[in-house]
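Given next are the chains, with one letter for each unit.
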Amino acid sequence: ARPPAVQGRGDGGLTLLELIGIRSPEPLRAVAACLLVTASLFLGPIVQHLLEVRDGYALLVSYPSVNEDSWIFLRDKVLAPVTEEIVFRACLVRLWDSAAFSKRFIIFAGPFCFALAHTHHFMEHIRRKENRKVAALQVAFQVFYTSLFGMYATFLLLQTGSTPAVIAAHSFCNWQGFPDLGVLADPEQPPHRRCALVAS
């Protein structure tokens, strides 16, 4: 069944805000549900961070330092999630859903548009005079995991009908970043910490 925000009203129409998922039934519940599900996927990195806080290696919440470009921080944590979810989920997914494309097609095909939009990072690597082969591999990996995230975000939108909920999940993922798997192979890490990370 389609989420409530996609179903037609009694008069047979939807407002623009309803159509793109900005206005939806129980928006706070949708945001909370999406954040909880997303946080469960990042349980390992969250446990790792809490252990580092406990051992005095990190702060519970960190903000951009004086040396960090606050514009980049704003772009990654706020602007990118908002603009990308409005373009690639609220508009593209809604368009395909209204055209009666199958949910399976939307979930698996739509994210490739989202992933290909990240290939411009190759030029950023080249401008920094990085190795072209390494840059290509980095961008290929980024396209791969952004495709996976795009599938996940599309599924969330189709289930909740709430674009703000998907934006919140996207921002949370950007805040967490890609998990640091090198910690598991670090011999200096205490065994109990590595066990906790594997278990989570």
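Because the structure is predicted, anything quoted here is derived from the model rather than measured. (Residues numbered from 1 in each chain as written. Predicted model: local features only at pLDDT ≥ 70, side-chain atom pairs only at ≥ 80, totals over all residues. Heavy atoms only, no water.)

1. A few points about the overall build of the chain
Item 1. Per the secondary structure count, the chain includes 10 helices and 0 strands.
Item 2. Scanning the chain from its N terminus toward the C terminus, one meets helices and strands in the order α-α-α-α-α-α-α-α-α-α.
Item 3. Counting every position in the chain, which comprises 200 residues, the buried fraction comes to 34%.
Item 4. Long-range pairs, those at least 24 residues apart, make up 70% of the contacts in the chain with a sequence separation of at least 6.
Item 5. As displayed, the chain offers around 12,200 Å² of accessible surface, 67% of which is attributable to carbon and sulfur atoms. (Helix = DSSP H or I, 4+ residues; strand = E, 2+ residues; numbered from the N terminus. Buried < 20%, exposed > 50% of the residue type's maximum accessible area, 1.4 Å probe, protein only. Contact = heavy atoms within 4.5 Å. Areas by Shrake-Rupley, 256 points an atom, 1.4 Å probe, with all protein chains shown as cover.)

2. Looking at a nonpolar patch on the surface
Item 1. A grouping of Trp-71, Leu-74, Val-78, Leu-79, Val-82, Ile-86 and Val-87 is seen on the molecular surface, where their side chains present a nonpolar patch of about 580 Å² in accessible area.
Item 2. Within the fold, Ile-86 resides in helix 4 (residues 70-98). (Patch = residues over 30% accessible without salt bridge, like charges linked within 9 Å, V, L, I, M, F, W, Y side chains within 5 Å. Salt bridge = Lys/Arg side-chain N within 4 Å of Asp/Glu carboxyl O.)

3. What to know about the environment of Ala-169
Item 1. The topology assignment puts Ala-169 in helix 8 (residues 163-176).
Item 2. By relative accessible area, which is 1% here, Ala-169 ends up buried.
Item 3. With 88 residues separating them in the primary sequence, Ala-169 and Pro-81 have C-alpha atoms 8.6 Å apart.
Item 4. Discounting chain neighbours no more than four positions away, the residues touching Ala-169 are Cys-34, Leu-35, Thr-38 and Leu-156.

4. Looking at the nonpolar core
Soluble, globular proteins show a tendency: their nonpolar side chains are buried together.
Item 1. With 21 residues, the main nonpolar core has Cys-34, Val-93, Ile-106, Phe-149, Leu-156, Leu-158 and Val-166 as its most contacted residues.
Item 2. Every element with two or more residues in this core is listed here: helix 2 (27-41), helix 4, helix 5 (103-116), helix 7 (132-160) and helix 8.
Item 3. Apart from residues lying up to four places away in sequence, Ile-106 is in contact with Val-93, Trp-96, Asp-97, Phe-101, Pro-111, Thr-154 and Leu-158. (Core = buried A, V, L, I, M, F, W, Y, C linked by side-chain atoms within 4.5 Å.)

5. So, unusual backbone geometry
Item 1. Its identity as a non-glycine residue notwithstanding, Glu-26 has a phi of 50°, on the positive side.
Item 2. Position of Glu-26 relative to the elements: it lies in the loop between helix 1 (16-19) and helix 2.
Item 3. You will see that Ala-100, though not glycine, has its phi angle at about 65°, which is positive.
Item 4. Note on placement: Ala-100 falls in the loop between helix 4 and helix 5.

6. Section: helix 2
An α-helix turns once per 3.6 residues; consequently, residues spaced three or four apart project the same way.
Item 1. Under the 1.5 Å per step criterion, the end-to-end length of helix 2 is 21 Å for 15 residues, consistent within 8% with the ideal 21 Å.
Item 2. Every buried residue of helix 2 is listed here: Ala-30, Cys-34 and Thr-38. The buried side chains of helix 2 occupy one side of the element, clustering within an arc of 55° when seen end-on. Looking at helix 2, the residues exposed on the side facing more than 90 degrees away from the buried face are Leu-28, Arg-29 and Leu-36.
Item 3. Where the residues of helix 2 are buried, they touch helix 7 and helix 8. (Expected span 1.5 Å × (residues − 1). Arc of directions from axis to C-beta.)

7. Focus: the pattern of salt bridges
Item 1. Counted by the stated rule, this structure contains 4 salt bridges.
Item 2. For the salt bridge of Arg-89 with Glu-85, the shortest nitrogen-to-oxygen distance reads 2.7 Å. Of this pair, Arg-89 and Glu-85 are both found in helix 4, 4 residues apart, which corresponds to roughly one turn of the helix. Comparing Arg-89 with Glu-85 shows no difference in burial state: the two are buried.

8. A short note on the layout of surface pockets
Item 1. Each pocket or cavity is described by its volume, and for the largest pocket that value is around 880 Å³.
Item 2. What lines the largest pocket is a set of 26 residues, among which Gln-142, Tyr-145, Thr-146, Cys-173 and Asn-174 lie closest to the centre.
Item 3. The greatest single-element share of the lining of the largest pocket, amounting to 8 residues, is contributed by helix 7.
Item 4. For the lining of the largest pocket, the class distribution of residues is 13 nonpolar, 10 polar and 3 charged. (1 Å grid on protein atoms, 1.4 Å probe; cavity = no way out; pocket = protein on both sides within 12 Å on 5 of 7 lines; lining within 4 Å. Points joined across faces, edges and corners; volume = space filled by probe spheres on them. Nonpolar A, V, L, I, M, F, W, Y, C, P; charged D, E, K, R; others polar.)

9. Digging into the environment of Leu-35
Item 1. Following the sequence through the fold, Leu-35 ends up in helix 2.
Item 2. Residue Leu-35 is classed as partly exposed on the basis of its relative accessible area, which comes to 30%.
Item 3. The spacing of Leu-35 and Ala-169 is 134 residues in sequence and 5.4 Å in space, taken between C-alpha atoms.
Item 4. Not counting chain neighbours up to four residues away, the residues in contact with Leu-35 comprise Ala-168, Ala-169 and Phe-172.

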